[in-house]
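Residue-level listing of the chains:
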Amino acid sequence: SLADLFVNDAFGTAHRAHSSTEGVTKFLKPCVSGFLLKKELDYLKGAVDEPKRPMCAIVGGAKVSSNIPVIESMIEKVDKLV
């Protein structure tokens, strides 16, 4: 065995289905998020649940269709949406 478990601590790549982030989870158990990933998620949750006003959200990405659920969830929470 090459490893006993998998810890993902890379917030910027956690959403991507790459072999180094998603593929490895098929071969290692347990697979967990790390402390840095938790810190990022806690910060984002606080920023969305109790934002400092005024709040502006900038949504980007190559696929507009994949952003529609994000836009729908943010539209009631922000003052401006770009």
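Refer to the preceding data block for the structure.
Residues numbered from 1 in each chain as written. Predicted model: local features only at pLDDT ≥ 70, side-chain atom pairs only at ≥ 80, totals over all residues. Heavy atoms only, no water.

A. Fine view of the overall build of the chain. Counting its secondary structure elements, the chain contains two helices and four strands. The secondary structure elements of the chain, listed N-terminal to C-terminal, are β-β-α-β-α-β. Its C-alpha atoms give the chain a radius of gyration of 16 Å, more than 25% over the compact-globule value 12 Å for 82 residues. Seen through its C-alpha atoms, the chain measures out along the principal axes to roughly 50 × 25 × 15 Å. Here the analysis covers contacts within the chain between residues at least 6 apart in sequence; of these, 56% occur between residues at least 24 apart. Total accessible area computed for the chain in this model is approximately 6,700 Å², and 62% of it derives from carbon and sulfur atoms. The centroid of the 11 positive side-chain charges in the chain is displaced by 3 Å from the centroid of its 10 negative side-chain charges. (Helix = DSSP H or I, 4+ residues; strand = E, 2+ residues; numbered from the N terminus. Rg over C-alpha atoms; globule rule 2.2 N^0.38 Å. Contact = heavy atoms within 4.5 Å. Areas by Shrake-Rupley, 256 points an atom, 1.4 Å probe, with all protein chains shown as cover. Lys, Arg positive; Asp, Glu negative; His and termini not counted. Charge placed at Lys NZ, Arg CZ, Asp CG, Glu CD.)

B. Local environment of the environment of Leu44. One can find Leu44 in helix α1 (residues 35-49). Separated by 32 residues in sequence, Leu44 and Gly12 have C-alpha atoms that sit 13 Å apart.

C. Spatial organisation of the side chain of Asn67. Summarising the element assignment, Asn67 is placed in helix α2 (residues 64-74). Ignoring sequence-local partners within four residues, the contact set of Asn67 consists of Val59, Gly60 and Gly61.

D. Up close: unusual backbone geometry. With an omega dihedral of 0°, the bond running from Lys29 to Pro30 counts as a cis peptide bond. Position of Pro30 among the secondary structure elements: in the loop between β1 (6-8) and β2 (31-33). In this structure, Pro54 follows Arg53 across a cis peptide bond, with omega equal to -5°. Tracing the chain through its elements places Pro54 in the loop between α1 and β3 (56-57).

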